Amino acid sequence: MLHIETVYKQFDNGFVALEDVNLQVNPGEIVSLVGTSGCGKSTLLRIIAGLDKATTGSVSIHHEVINAPHPDVGIIFQEPRLMPWLTVQDNVRFGLEHLSRTDSDAITAATLAKVGLSDFAHMLPRQLSGGMAQRVAIARALVTKPSILLLDEPFSALDAFTRTKLQDHLLHIWEYDRPTMMLVTHDIEEALVLSDRIIVLRGNPGRIHRTVTLDLPRPRKRTNTTLQQWKERLLTELDVSMAERSLAEI
Amino acid sequence: MSNFLKTNGSKSAAISTASATRPYRPPKRRRAARHQWAIGLIIPITLLVLWELLSRVGVFPPNLLPAPSAIASTLWSLTVTGELVEHIGITVFRVLLGFLIGAGLATVFGALTGYSRFAHQLLDPLLQALRSIPSLAWVPLFILWLGIYETSKVSLIAVGVFFPVYLNLMSGIQNVDRKLVEVGQVYRLNQLKLIGRVFLPATLPAYIVGLRSGLGLGWMFVVAAEIMGASKGLGFLLVDGQTTGRPDIIIASILLFAVLGKLTDAVVASAGKRLLRWQDSYSSHHQ
């Protein structure tokens, strides 16, 4: 259970990134945060991750107020952020240091299998494609079996084809343990395909502008008419300029 | 668009060619590559032959520039008497001891000022000020304080080694990717583990550059130290050759400095290469 209560965030330079953000995310729910760039969605995610602190207000996980990264939270960043000196396997193992070698070996192997990278366990990050590197990052986040998974524009640096494939893959992985997922994205289609709920943030300062609940079964077809209609509406609502809009549809 | 190109670029090509199941091993050097070092020998050997020929026909006066063969025979006679081994031994000893002390201290200070903001504010201004003193300016003071024997020589070398190692390590640590550090924080590594598992490996490339340039300066300073006053060592041989009018001895010592400098650098460089096999750099694709 994730509670976000009246979060207000002001940076040192005086910029107010978030104002009066209230949100509750239920176990196993997939929630997307969408909004134009600079609306504070990544900042909110970083606060939940414990990497930034809210100026006022609080975030609590399992009724425990967050001040630092929580062990039950996994994070997938926009970039894979793999340690270039570690093999795929050792990158995945990064968060398992407290376990014995045998235990961590077994968990690492199982997780690598989950993301379909068992054959690449001994490779170095520089030998991987962008999509594979991001799958390693997903495996690294999953390996501690977090009940909450935070994803900060996880597929935005990938090409359209790989992105679609990884979105499906993510859902497939989600099926195993059904973690709560909170996904920051600027790709409305991605949000529509994945989420139970879409939170639209609007800057600035960033506030929750509206919430869309999607009660559609998954996996969802990207061509689904309901989704297409929502896409149109949300794009209009976000005041996306024509230029940005055409980019978002690439 | 650029991302699209990136993911379909050289990286994915590397995957399809590398073996999928075996542990990572760097590709074996091809036969041709094994002989590539010979290319670097073409010009030196040509020059050497020309030098010998021109000396023999009397173009170079032997009292200023003796023939390579004359230098070789001088080297040989110094070797036979055992003198050379002694000179080389003491010089190498001074460089290595100075290097260890200088690099050791630089590692401690560089790590401190790179990692801790407070230590940086406290120590870096002073160290930068000291760095701007030409290191040879220390010589008279060191001799006055520490005498003319080993201590002052080794100290001078240590000072020379210190700064490049310090600077590279400090800036290396400061330039560690914040994004990787955050990954460490997400997994709640404590300070010590964060240093060991993120900062240390990430800083290694810069540190090795620092060690190599520090070692180079160490060789420079051992000459200075031995010229100032020594009864043994390659620097002493240089001065000895000058006072006794023996250019062959001077040139022989210079050549020995070149060989020893190159050898010690190669040791550090190859250790570095082994440790930095993971780097995705231009040169790692063109070995």
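Thresholds, definitions, all that
- Here the residue numbers are simple positions, counted from 1 along each chain's written sequence.
- Ligands are numbered from 1 and chains lettered from A, in the order in which they are written.
- Reporting in this predicted model follows two pLDDT cut-offs: at least 70 for local features of residues, and 80 or more for side-chain atom pairs to be given and counted; totals over whole chains, interfaces and linings ignore these cut-offs and use all residues.
- By convention in this description, side-chain values take in all heavy atoms of the structure and omit both hydrogens and water.
- Starting at the N terminus, helices and strands are each numbered in turn, a helix being any DSSP run of H or I of at least four residues and a strand any DSSP run of E of at least two.
- Note on exposure labels: buried denotes an accessible area under 20% of the residue type's maximum, exposed denotes more than 50%, and partly exposed covers the range between, all computed with a 1.4 Å probe on protein chains only.
- Contacts are residue-level and defined by heavy atoms, with any inter-residue pair within 4.5 Å sufficient.
- Methods summary: accessible areas were calculated by the Shrake-Rupley approach with a probe of 1.4 Å, and residue burial reflects only the protein chains presented.
- For two strands to be treated as a pair, DSSP must find no fewer than two bridges joining them.
- Interaxial angle, 0 to 180 degrees, is taken between N-to-C directions of lines fitted to C-alpha atoms, where a helix line uses only the stretch in contact.
- Scored from 0 to 100, pLDDT reflects the predictor's confidence in each residue.
- The definition of a nonpolar core used throughout is a set of buried Ala, Val, Leu, Ile, Met, Phe, Trp, Tyr and Cys residues joined through side-chain atoms within 4.5 Å.
- Here the aromatic set is Phe, Tyr and Trp, taking the six-membered ring for Trp, and pairing holds for ring centres within 6.5 Å; pairs whose planes are under 30 degrees apart are stacked, those over 60 apart are edge-to-face, and all others are tilted.
- Two N or O atoms form a polar contact when they lie within 3.5 Å of each other; inside protein one atom must be a possible hydrogen donor and the other a possible acceptor, and for residues adjacent in sequence the pair counts only when both atoms belong to side chains.

On to the overall build of chain B, then. Looking only at helices and strands, chain B has 13 helices and zero strands in total. For chain B, the N- to C-terminal ordering of α and β elements is α-α-α-α-α-α-α-α-α-α-α-α-α. Split into buried and exposed, the 287 residues of chain B put 36% on the buried side. A separation threshold of at least 6 residues defines the contact pool for chain B, and within that pool the share at least 24 residues apart is 72%. Carbon and sulfur atoms make up 68% of the accessible area of chain B, which totals about 17,200 Å².

Further remarks concern the sheet that holds strand β10 (residues 207–213) of chain A. Residues and elements named next belong to chain A. Pairing within the open sheet is mixed, and its six strands lie in the order β6-β7-β8-β3-β9-β10. Of all strands in the sheet, those bounded by a partner on one side alone are β6 (73–76) and β10. On average, each strand axis in the sheet is tilted by 20° relative to the strand beside it, whichever way the strands run. Across four bridges, strand β3 (residues 30–34) lies against strand β9 (residues 197–202) in parallel orientation. In the strand pairing of β9, Ser32 is matched with Ile198. Here helix α4 (residues 130–142) sits on the sheet and contacts β6 and β7 (148–152); the angle it forms with β6, its principal contact strand, is near 170°.

Residue and element names in this part refer to chain A. Spatial ordering of the open sheet is given by β2-β1-β4-β5, a layout of four strands whose pairing is antiparallel. The open sheet has two edge strands with one neighbour each: β2 (16–25) and β5 (64–65). Across five bridges, strand β1 (residues 2–10) lies against strand β4 (residues 56–61) in antiparallel orientation. Of the residues in β4, the one forming a bridge with His3 is Ser60. Docked against the sheet, helix α1 (residues 41–49) engages β1, β2 and β4, running at close to 120° with respect to β1.

As a further point, take the pairing of β7 of chain A. Residues and elements named next belong to chain A. Within β7, five of the five residues are buried, leaving the element largely enclosed by the surrounding structure. Alternating positions in β7 separate into two faces, Ile148, Leu150 and Asp152 on one and Leu149 and Leu151 on the other, with burial throughout. The pairing of β7 with strand β8 (residues 180–185) spans five bridges and is parallel. Paired with Leu150 across the strands is Met182, a residue of β8.

To continue, consider the confidence of the model for chain A. Taken as a whole, chain A shows an average pLDDT of 89; of its residues, 95% reach a score of 70 or greater. The model gives residues 241–245 of chain A a pLDDT under 50, and that stretch makes three contacts with residues more than four places away or in other chains.

The subject of this paragraph is the nonpolar core. Formed by 85 residues in total, the largest nonpolar core has its most connected members in Ile4, Leu150 and Met182 of chain A. Looking at this core, the element that brings in the most residues is helix α11 (residues 191–228) of chain B, giving twelve residues. Aside from chain neighbours lying at most four places away, what touches Ile4 of chain A is Val21, Asn22, Leu23, Leu44, Ile48, Ser58, Val59 and Met182 of chain A. Leu158, Leu171, Ala191 and Leu214 of chain A belong to the second largest nonpolar core, which has 48 residues in total.

The subject of this paragraph is unusual backbone geometry. All names here are of chain A. The linkage connecting Arg218 with the following residue, Pro219, adopts the cis geometry, with an omega of -5°. Structurally, Pro219 is set in the loop between β10 and α7 (225–237). Positive phi values are uncommon outside glycine, yet Thr6 reaches one of about 35°. When you line up the elements, Thr6 lands in strand β1.

The next subject is the packing of aromatic side chains. Residues and elements named next belong to chain B. A full pass over the atoms with the stated rule returns nine aromatic pairs over all chains. Seen from their ring centres, Phe109 and Phe162 are 6.1 Å apart, and the 70° between their planes marks the pair as edge-to-face. In this pair, Phe109 is assigned in helix α6 (residues 83–115) and Phe162 in helix α9 (residues 150–174), connecting sequence segments 53 residues apart. Judged by relative accessible area, which is 10%, Phe162 ranks as buried. A centroid spacing of 5.0 Å and a plane angle of 85° characterise the contact between Phe162 and Phe163, whose relative ring orientation is edge-to-face. Accessibility classification places Phe162 together with Phe163 in one group, the buried group. Taken together, the ring pairs in this structure connect Phe109, Phe162, Phe163 and Tyr166 into an aromatic cluster.

Residue and element names in this part refer to chain B. Residue position: Asp248 is located in helix α13 (residues 247–275). A relative accessible area of 10% places Asp248 in the buried class. Only 2.6 Å separates the side chain of Asp248 from the side chain of Thr74, close enough to count as a polar contact. Other than its neighbours up to four places away in sequence, Asp248 contacts Pro66, Ile71 and Thr74.

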